[in-house]
Amino acid sequence: MHLSPFTGTYLTDPARVWRELLARPDDVHHAEDLGMWLISRHEHVRQAFGDADSFGNALTLAPVYEMCPEALAIVMRLDVPATTAAADSPVHTRTRRALRATFANTGPRVAAQYGPIVRRRVDGLVEALAARRGEVVDLIPEFTALLPLLVVLDILGVPERDVARIRQWADGQIALVWGRPEPAEQVRLAQGLLDFWHYCQDLVARRAEGDLDGDDFISRTLRYRDGDDEVLTVAEVASMAFNLLVAGHETTAGLLAHGLEQALSVPGRWRRVAEDPATVPAFLEEALRFGPAIDGWLRVTLRPVTIGDVTIPAGQRCLLLIGAANRDPAAFSAPDRFDPERDDAKDHLSFGYGPHFCIGAALARLEAEIALVRLGTRLPALRLVPWHEPQFQANLAFRSLRALPVSEQRLTLISREAK
Ligand code: HEM
């Protein structure tokens, strides 16, 4: 069968494609044009995420198309050791232990350690938006993509002056690996990725030369390492920073954008957010289920493995369609209805499942909750411009809205010409 993730319906209405896949009688499909197996049912996506002996991560961060030789030559110079999303055991067991020790990942630890950073950043950005009342503002560059990046920079102890280039590098990595750029663009993005890696190496090397008393993630991880390469090498610390700088912001940006789009697109919903902040966590959980920021994630089979009625041979790339799994009628009642009051939303697979379960889930939830509550309180009359139509970036993994134009209802009369 064919899946065209880079054109057509998948860019405007991916749920239609997921529905069609889920309705087919066969459990798993081979997409010839992608050279991948598509796993879409909730039960099977969970099985694949949970079974690290059969589904490996070595190719999770490898490009999903054949790269041109010039770009490949540059990428081959990336000597990044696999630590998180691209690592298998026993390396992953060791690096995950380090990550759990140095990166807050439970609700209470995240609130205590990162809460003040998040609140400060949310307040700064919300006040900047409030100062622009009356204008049409695109929330993607001004808020949803910026907030998580500023937060992750603060957590890692990275200077704010580098925000623009880190954003470019991170966007570039996502386009290079899971998009389908033209050859000239591949070369440009590959060079950016190499520069990004050198930047992270440099960041960690400079931190390692100073005193390590800081409270930032890099200092903490270097302290945890305590000079012992068997615990963690310096290159592995740099690799973790490299991964967190991308994983920590592009994803939460998606949750914020999809959540805000849902909240603003139905009359009365935004008011409820503003008037009853206690409803926000359940609202966000449903936003995670309904429109996951990563809706396809990759594994490679380490041995022949049977999924439903199909046996996938060893060495095959598999696309775990999280977006489809989250809409599987076998797991969710009325799956295509956005319903913040449903009681099965928590079964979504948007943060993965099993040994690689997202280490940043608690941070993402906290950030999105504080952001929505603060925005709702400060800008209760926010609304989407009437001409907004969701359009997504062409990407196999990351589902990013291209734009989210809003204004404050009371103060602006929006016409199509204002676009
Ligand atoms: C809404 C926001 C987020 C979503 C939807 C998301 C989604 C995911 C998914 C699907 C995975 C793969 C899980 C698996 O393979 O089983 C993952 C892993 C990961 N995420 Fe997140 N993520 C989010 C936020 C964050 C944040 C805020 C951070 C850190 C600051 C983060 C760091 C990571 C890391 C390091 C991994 C790799 C973990 C491992 O391999 O052990 N993520 N995330």
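Going by the structure above, here's the rest.
The structure reproduced in this document is the subject of the present report. (Residues numbered from 1 in each chain as written. Predicted model: local features only at pLDDT ≥ 70, side-chain atom pairs only at ≥ 80, totals over all residues. Heavy atoms only, no water.)

### Things to note about the sheet that holds strand E2 (residues 36–39)
Keep this limit in mind: DSSP bridges decide pairing: two strands pair if at least two such bridges lie between them. Helix and strand definitions follow DSSP, with helices as H or I runs of at least four residues and strands as E runs of at least two, each counted in order from the N terminus.
Pairing within the open sheet is mixed, and its five strands lie in the order E1-E2-E8-E5-E3. Every interior strand has two partners, whereas the edge strands, strand E1 (28–31) and strand E3 (55–56), have only one. In this structure, E2 lies alongside strand E8 (residues 317–320), joined through three bridges in parallel fashion. In the sheet register, Trp37 faces E8, and the bridge partner there is Cys318.

### Considerations on the pattern of salt bridges
Between side chains of opposite charge, a pair can form as their charged atoms come close. The test is simple: Salt bridge, as used here: a side-chain nitrogen of Lys or Arg that lies within 4 Å of a carboxyl oxygen of Asp or Glu. Each residue is placed in one exposure class: buried if its accessible area under a 1.4 Å probe, protein chains only, is under 20% of its type's maximum, exposed if it is over 50%, and partly exposed if it falls in between.
For the structure on display, the rule yields 28 salt bridges. For the salt bridge of Asp26 with Arg24, the shortest nitrogen-to-oxygen distance reads 3.8 Å. Residue Arg24 is classed as partly exposed on the basis of its relative accessible area, which comes to 33%. Between Glu127 and Arg378 there is a salt bridge; the shortest N-O distance is 2.7 Å. Here Glu127, found in helix H6 (residues 107–130), pairs with Arg378, found in helix H16 (residues 361–378); they are 251 residues apart in sequence, far enough to count as distant. Residue Glu127 is classed as partly exposed on the basis of its relative accessible area of 32%. Salt bridges sharing partners connect three or more residues here, namely Arg120, Arg121, Asp154 and Glu160.

### Considering the packing of aromatic side chains
For clarity, the cut-off: Aromatic rings from Phe, Tyr and Trp, with only the six-membered ring used for Trp, were paired whenever their centres fell within 6.5 Å, and each pair was classed as stacked if the ring planes differed by under 30 degrees, edge-to-face if by over 60, and tilted otherwise. A ring is scored as having a charge over it whenever the NZ atom of a lysine or the CZ atom of an arginine sits within 6 Å of its centre and within 35 degrees of its normal.
What the rule picks out here adds up to 13 aromatic pairs. The interplanar angle of 90 degrees and the centroid separation of 5.3 Å between the aromatic rings of Phe290 and Phe338 together place this pair among those described as edge-to-face. Taken as a pair, Phe290 in helix H14 (residues 280–290) and Phe338 in the loop between helix H15 (322–325) and H16 lie far apart in primary sequence, 48 residues in all. You'll find Phe290 and Phe338 in the same group, each marked buried. Three or more aromatic residues joined by ring pairs form one cluster here, namely Trp169, Phe196, Trp197, Tyr199 and Phe242. Here the guanidinium or amino end of Arg399 rests over the ring plane of Tyr10, the centre of that ring lying 4.6 Å away.

### Overview of the sheet that holds strand E10 (residues 405–408)
Backbone-to-backbone hydrogen bonds join strands into a sheet, with any given pair of strands oriented parallel or antiparallel. As summarised here, the arrangement of the three strands in space is E4-E10-E9, forming an open sheet in which the pairing is antiparallel. Each edge of the open sheet carries a strand with a single partner, namely strand E4 (137–138) and strand E9 (382–384). Of the strand pairs in this sheet, E9 and E10 are connected by three bridges, and their pairing is antiparallel. When the sheet's bridge partners are listed, Leu384 is paired in E10 with Val406.

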